Amino acid sequence: MAETYDFLFKFLVIGSAGTGKSCLLHQFIENKFKQDSNHTIGVEFGSRVVTVGGKTVKLQIWDTAGQERFRSVTRSYYRGAAGALLVYDITSRETYNSLAAWLTDARTLASPNIVVILCGNKKDLDPEREVTFLEASRFAQENELMFLETSALTGENVEEAFLKCARTILNKIDSGELDPERTGSGVQCGDASLRQLRQPRSAQAVAPQPCGC
Amino acid sequence: MKQVTDERTRMQFSIRRPKLPSSETHPEESLYRRLDVSAWLNHLNELGQVEEEYRLRQAIFFGGIDVSIRGEVWPFLLCYYSHESTSEEREALRVQKRKEYEDIQQKRLSMTPEEHRAFWRTVQSTVDKDVVRTDRSNQFFRGKDNPNVESMRRILLNYAVYNPAIGYSQGMSDLVAPILAEVLDESDTFWCFVGLMQNTIFVSSPRDEDMERQLLYLRELLRLTQQRFHQHLVSLGEDGLQMLFCHRWLLLCFKREFPEAEALRIWEACWAHYQLAALCPVLGAGVCPEPWSSPCSLCLSFPPNFP
């Protein structure tokens, strides 16, 4: 079955090992917490079609191991991503300390304009907290990131994180800051939006080109 | 435009044909029974030496090893025991290797605080996170404060001390866990794991070049056997031929793609190093991401024109 959507966004989930990247993805896609989940090896994928600001957007989400070894993987993984969830674990200072390095990777390997939302995951483990909300907010502000604390266990703010990121990308498209037709933008137009874009310009019938995703 | 609000999709790959018609299997496929205790004893002479290594490898390749004697036989396949060794020599080796293992562990435990900080950052922090999420479905590793998980943790930490160039890469816990669950003894498992890391062609290494070579083989196989799919990958541009979707197959030798019993059977056949080319996976047509409702297919089989 061919899906219909206005846009397709390539999303990444990045951050140190054990911060809950795959569990966030699983919660977003399946609406439940993944018990006894394995650590990710290689790359895993998930996708979900959401409606944001009246537009239908397919989020194609790439999830990889926190400890990634292969340069070839890294290149392909980041290439042309429109958005990223940058994840740390609020109960682990170490994972917070490595955020800057992850962010540098995202901005150099994907795009300097990649839309990043910082996620302080494991919000449900508040008694074991090592990173305060305030200092993470400051980090987010200094680096021009959006910020939420999330819980892949309870689902709190998980949906919001993905949708917030998608909404920001859509706003950038609307304002012209992001050109979805440019290669490497991390955005592809679905057939629905292609029709919209093309019809006013010419009366001739343009065969809609689906994204093929 | 069709209404597709909140449609959820999970990419899913599954094995389309778990059983192959006999025309596609190796002609000798059905000639071998699983290697059980009595068959195993028949391979040994009175000193406990393996009489004909080639025959043993052949038997394991085709028939697999009975679960009850895996712990006995795997150390041979993983080059911990040599096939010429006598039972007596193996006992002596185990004692000597246990001492060596203890020395490695001692080295780890006597790091300076500074060395330990570096070790914690590069190795231990990841090992600690991974061992508690490895093979949790296996009774052997289940539960809180399980001593077997602690053994697995020590083996991986000691391995990183023993071979600092490799250290710890994610995926190694997946490789060592099944060995520990069969071999049971911590020191023996460590040395089997050392052999595994050195000798098997499928195993992960932290260097790009090994993975690149594996991918090169796989691409070549696809080009030869599945032209349409190969074309499709080529048409996707630079990233298609990186085949990110199959890196895990190569790194963990299909451990997470098959039920455990079948995965370990594949491992044994690989470790037997008998007609290795035969194990090259041949991918079925139409490996493509599809919605959950229509699982797409990967067929893993022997090449039709088997030598």
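Numbers given for residues are sequential positions, taken from 1 along each chain in its written order. In the order they appear in the text, chains get letters beginning with A and ligands get numbers beginning with 1. This being a predicted model, a pLDDT of at least 70 is required before a residue's local features are given, and a value of 80 or more before pairs of side-chain atoms are given or counted; all residues contribute to the totals for chains, interfaces and linings. As a convention, hydrogens and water are excluded, and side-chain values are obtained from all of the structure's heavy atoms.

The name an unreviewed UniProt entry assigns to chain B is Rab-GAP TBC domain-containing protein, from the organism Jaculus jaculus.

Rule in force here: UniProt positions are given in the numbering used here, feature names are shortened, and annotations may be inferred rather than shown by experiment.
The name that an unreviewed UniProt entry assigns to chain A is Ras-related protein Rab-4, with the source organism given as Jaculus jaculus. Under Sequence similarities (unreviewed entry), UniProt gives the following word-for-word description of chain A: "Belongs to the small GTPase superfamily. Rab family."

1. Observations concerning the packing of helix H7 (residues 172–183) of chain B against helix H12 (residues 260–271) of chain B
Residues and elements named next belong to chain B. We count it as follows: A fitted line through C-alpha atoms serves as each axis, taken over the contacting stretch for helices, and the angle formed by two N-to-C directions is quoted from 0 to 180°. Helix and strand assignments follow DSSP, with helices taken as H or I runs no shorter than four residues and strands as E runs no shorter than two, numbered in order from the N terminus. When an angle is under 35 degrees it counts as roughly parallel; over 145 it counts as roughly antiparallel; between 65 and 115 it counts as roughly perpendicular; any other value is oblique. Here, residues are in contact when the closest pair of their heavy atoms is within 4.5 Å.
Put simply, H7 and H12 touch, their axes get as near as 12 Å, and they point 95 degrees apart. The orientation of H7 with respect to H12, classified from their angle, is roughly perpendicular. Contacts from Asp174, Leu175, Pro178 and Ile179 in H7 reach Leu264, Trp267 and Trp271 in H12.

2. So, the side chain of Thr189(B)
Residue and element names in this part refer to chain B. The criterion, for reference: To sort residues, take the accessible area from a 1.4 Å probe on protein chains only and compare it with the maximum for the residue type: under 20% means buried, over 50% means exposed, and anything in between is partly exposed.
With respect to the helices and strands, the residue Thr189 is situated in helix H8 (residues 186–199). Accessibility expressed as a relative area gives 0% for Thr189, which makes it buried. Excluding anything up to four places from it in sequence, Thr189 contacts Ile155, Val176, Ile179, Leu180, Val183 and Leu184.

3. Digging into helix H5 (residues 133–142) of chain A
Residue and element names in this part refer to chain A. Definition in use: Taking the helix axis as origin, the arc is that swept by the directions to the C-beta atoms.
Buried within H5 we find Ala136, Phe139 and Ala140. Burial along H5 is one-sided: seen end-on, the buried residues are contained in an arc of 100 degrees. Exposed side chains of H5 directed beyond 90 degrees from the buried face belong to Leu134, Gln141 and Glu142. Buried residues along H5 sit against strand S4 (83–89), helix H3 (93–97), helix H4 (99–110), strand S5 (115–121) and strand S6 (146–149). Once H5 finishes, Glu144 follows within two positions and takes phi at roughly 55 degrees, a positive value.

4. What to know about the pattern of salt bridges
Heads up, the condition is: Within this document, salt bridges are pairs made up of a side-chain nitrogen of Lys or Arg and a carboxyl oxygen of Asp or Glu, the two lying within 4 Å of each other.
Applying the stated criterion across every chain, the model contains 28 salt bridges over all chains. When the shortest N-O distance is used, the salt bridge between Arg79(A) and Asp239(B) registers 2.5 Å. Highlighted residues: Arg79(A) in the loop between helix H2 (71–78) and S4 and Asp239(B) in the loop between helix H10 (227–235) and helix H11 (247–251), drawn from two different chains. For Arg79(A), a relative accessible area of 30% translates into the label partly exposed. Close ionic contact of Glu149(A) with Arg129(A) constitutes a salt bridge, the shortest N to O distance being 2.7 Å. Linking Glu149(A) in strand S6 with Arg129(A) in the loop between S5 and H5, this pair joins segments that are 20 residues apart in sequence.

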